Amino acid sequence: MNVKFTILASIIALSLGTIAFFSSKETSYTLLDASDLAANTTKYEADDLLRVRGFVKLGSLIREGKTAKFVLQLNEKEVPVFFTGATLLPDAFKEGARARVDGVWKNGVLVADKVEAKCASKYEAGYKEEEQ
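Given the structure is predicted, the values throughout are model-derived calculations rather than measurements.

## Let's talk about the overall build of the chain
Tallying secondary structure elements over the chain gives 3 helices and 7 strands in all. Counting helices and strands in the order they occur from the N terminus, the chain gives α-β-α-β-β-β-β-β-β-α. By residue count, 25% of the 132 residues in the chain fall in the buried class. Within the chain, contacts between residues at least 6 apart in sequence are counted, and of these 49% link residues at least 24 apart.

Shown next as structure tokens:
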């Protein structure tokens, strides 16, 4: 009875360990600012999942059906992005918006399948003080 329990517990532990190892590798993103990626492009391989933050450069957004091309910038450094259209672009996504892009670095371009955008005016009140 004790041997059966030990074998069963070992199989369960090994299975859970294997699942945890392989699933975490597939969903682990490296969080970067656009300036960090632009400065260290050779550090990242095509299979590295990257989550890059920055601002959409003014005048860089080109929509082509479901896909889009734009430049993500931060601290005067730029990263070209190709959005695959696998998900929908958010309503708040526009030139000048703060954005977070998930994708992989391929041939000098961040190929993204997910984009999130923040509209600063939504979160900052910006009330003027009343003059008396």
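What follows picks up the thread again.
## Side note on the side chain of Ser-60
On the secondary structure map, Ser-60 appears in the loop between β2 (50-56) and β3 (62-64). Judged by its relative accessible area of 12%, Ser-60 is buried. With residues up to four places along the chain from it excluded, the contact list for Ser-60 reads Lys-69, Phe-70, Val-71 and Glu-95.

## Overview of the packing of aromatic side chains
Counted according to the given criterion, the structure contains 1 aromatic pair. Geometrically, the ring pair formed by Phe-70 and Phe-93 is edge-to-face, given 5.0 Å between the ring centres and 65° between the ring planes. Taken together, the positions of Phe-70 in strand β4 (residues 67-74) and Phe-93 in the loop between β5 (77-83) and β6 (98-106) put the pair 23 residues apart, joining distant regions of the chain. Residue class for Phe-93 comes out buried when judged on its relative accessible area of 2%. For the cation-ring pair, Arg-51 lies above Tyr-29, with the distance from its terminal atom to the ring centre recorded as 4.5 Å.

## A few points about the pattern of salt bridges
The final tally for this structure, using the stated rule, is 5 salt bridges. One salt bridge in this structure joins Asp-33 and Arg-53, with 3.1 Å as the shortest N-O distance. Of this pair, Asp-33 sits in strand β1 (residues 30-33) while Arg-53 sits in strand β2, and the two are 20 residues apart along the sequence. Owing to a relative accessible area of 22%, Asp-33 belongs among the partly exposed residues under this scheme. By relative accessible area, which is 37% here, Arg-53 ends up partly exposed. Among the ionic pairs, Arg-51 bridges to Asp-102, the shortest N-O distance being 2.8 Å. Within this pair, whereas Arg-51 is found in strand β2, its partner Asp-102 is found in strand β6, the two being separated by 51 residues in sequence.

## Description of the confidence of the model for the chain
Looking at the chain as a whole, the pLDDT averages 83, with 84% of positions reaching at least 70. Between residues 123-132, whose pLDDT stays under 50, and residues either more than four places distant or in other chains, the model counts 1 contact.

## Regarding the pairing of β5
Both β4 and β5 contribute to a ladder of 7 bridges, which runs antiparallel. By the bridge assignment, Leu-74 is partnered in β5 with Lys-77. As consecutive antiparallel partners, β4 and β5 are separated by 2 residues, and within that stretch Asn-75 has a phi angle of approximately 55°, a positive value. Pairing between β5 and strand β7 (residues 109-118): 3 bridges, direction parallel.

Cut-offs applied
Residues numbered from 1 in each chain as written. Predicted model: local features only at pLDDT ≥ 70, side-chain atom pairs only at ≥ 80, totals over all residues. Heavy atoms only, no water. Helix = DSSP H or I, 4+ residues; strand = E, 2+ residues; numbered from the N terminus. Buried < 20%, exposed > 50% of the residue type's maximum accessible area, 1.4 Å probe, protein only. Contact = heavy atoms within 4.5 Å. Phe/Tyr/Trp six-rings, centres within 6.5 Å; stacked < 30°, edge-to-face > 60°. Lys NZ or Arg CZ within 6 Å of the ring centre and 35° of its normal. Salt bridge = Lys/Arg side-chain N within 4 Å of Asp/Glu carboxyl O. pLDDT = per-residue confidence, 0-100. Pairing = 2+ DSSP bridges.

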